[in-house]
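Each chain is listed here by its residues.
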Amino acid sequence: MRMKRDVIIACDFSGAGEVYDFLDLFKGGRKPFVKIGMELFYAEGPSIVRSIKERGHNVFLDLKLHDIPNTVKKSMRVLSGLDVDMVNLHAAGGSAMMRAALDGLTRPDGSRPLLIAVTQLTSTSAEMLRDELLIGSSMEETISSYAVNARNAGLDGVVCSPREAAAVKAACGPGFVTVTPGIRFEGASTDDQVRITTPAGARELGSDFIVVGRPVTAAPDPVAAYNRCLNDFI
Ligand code: C5P
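Let me begin by describing the structure that accompanies this report.

What counts, and where the lines are drawn
Note on numbering: residues in each chain are counted from 1, in written sequence order. Totals for whole chains, interfaces and linings use all residues, but because this is a predicted model, local features are given only for residues with pLDDT of at least 70 and pairs of side-chain atoms are given and counted only at 80 or more. Calculation of side-chain values draws on the structure's entire complement of heavy atoms; hydrogens and water are dropped beforehand. The criterion for a residue being near a molecule or strand is simple. One of its heavy atoms has to lie within 4 Å of it. Counted as a polar contact is a pair of N or O atoms within 3.5 Å, where, for protein atoms, one must be capable of donating a hydrogen and the other of accepting one, and residues adjacent in sequence contribute only when both atoms are in side chains. Using the Shrake-Rupley algorithm and a 1.4 Å probe, accessible areas are obtained, with residue cover drawn only from the displayed protein chains. Put simply, DSSP marks the helices as runs of H or I at least four residues long and the strands as runs of E at least two long, and each gets a number from the N terminus on. Categorising residues by exposure relies on relative accessible area from a 1.4 Å probe, with only protein chains included: less than 20% of the type maximum marks a residue as buried, more than 50% marks it as exposed, and the intermediate range marks it as partly exposed. Residue contacts are defined here by distance: any two heavy atoms, one from each residue, within 4.5 Å place the two residues in contact. We call a set of buried Ala, Val, Leu, Ile, Met, Phe, Trp, Tyr and Cys residues a nonpolar core when their side-chain atoms join them within 4.5 Å.

Let us look at the site of the ligand. Around the ligand sit Ala10, Asp12, Lys35, Thr122, Pro181, Arg184, Gln193, Val211, Val212, Gly213, Arg214 and Pro215, and those are all the residues in its vicinity. Between the ligand and Asp12 there is a distance of 2.7 Å, counted from an oxygen atom to a side-chain nitrogen or oxygen. Contacts to the ligand include Gly213, whose backbone N or O atom sits 2.8 Å from an oxygen atom. About the coverage of the ligand: the protein hides 82% of its 460 Å² of free accessible area. Among the secondary structure elements, those contributing two or more residues to the shell around the ligand are β8 (209-212) and α10 (214-217).

With that settled, consider helix α3 (residues 46-54). Note on helix geometry: an α-helix contains 3.6 residues per turn, so any two residues three or four positions apart are oriented the same way. Within the sequence span of α3, burial applies to Ile48, Val49, Ser51, Ile52 and Lys53. Its buried side turned inward, α3 meets α1 (16-24), β2 (33-37), α2 (38-44) and β3 (59-65). Downstream of α3 by a residue or two, Gly56 has a phi angle that is positive, lying close to 95°.

Here the focus is the nonpolar core. Core analysis: the largest hydrophobic core is formed by 61 residues, its most contacted members being Val49, Leu61, Met76, Leu89, Met98 and Leu115. Ignoring sequence-local partners within four residues, the contact set of Leu115 consists of Met76, Val87, Asn88, Leu89, Met98, Ala101, Leu102, Leu105, Leu155, Asp156 and Gly157. Ile8, Phe33, Val179 and Val211 belong to the second-largest nonpolar core, a separate cluster that totals 13 residues.

This is the structure:
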């Protein structure tokens, strides 16, 4: 079940036509690992996942489940049937929910997609953690502790910033997977990302998968930008 380090393209498009036009650019070459998020999934439904899989891509379905254990278990069973390669949930749902998710995700033959936990969203500030979520521990402590909970529940890894990858590996072991967004080429626009790292920097910091959106999808030559990510990261 262990997958090789890779570059995942965040396909943050609003409809199927746009995604297919984008993926057609890669015909004939290496088929990128792609991330399908809530916007596209809610717009197009499960058929978009099936058709991208049929085109030969690995798929990270980024739906960040967070509900009672039974609901998450049954939902994960549905997602597993879509033959995706990676799915995620919120570690804040707790250990029982994470164990139930793993159970639901495991196919009759024992195979399953990688299951990754979101610890704290990168949009959550230290102030929000303290004043709204009423969490008294620091952001770093919270992330490491949630990552340990995820590992103890049997999950494969977490989504985090590349800068947190080393702390997560130290707390959970080198085999615990880190999936890291917030990637930008040297000197490029940061857009709305705050804590950014280059593909080469993410490799040095120990990321296993980088998630790259606009630096590839909005590039004048997306295939060249993707190949640059591969060269720098792998
Ligand atoms: O365009 P960009 O490279 O910023 O896209 C990053 C992708 O990773 C987006 O799909 C975003 O939703 C996702 N993401 C993130 N930060 C997180 C979790 C997911 O940027 N903490």
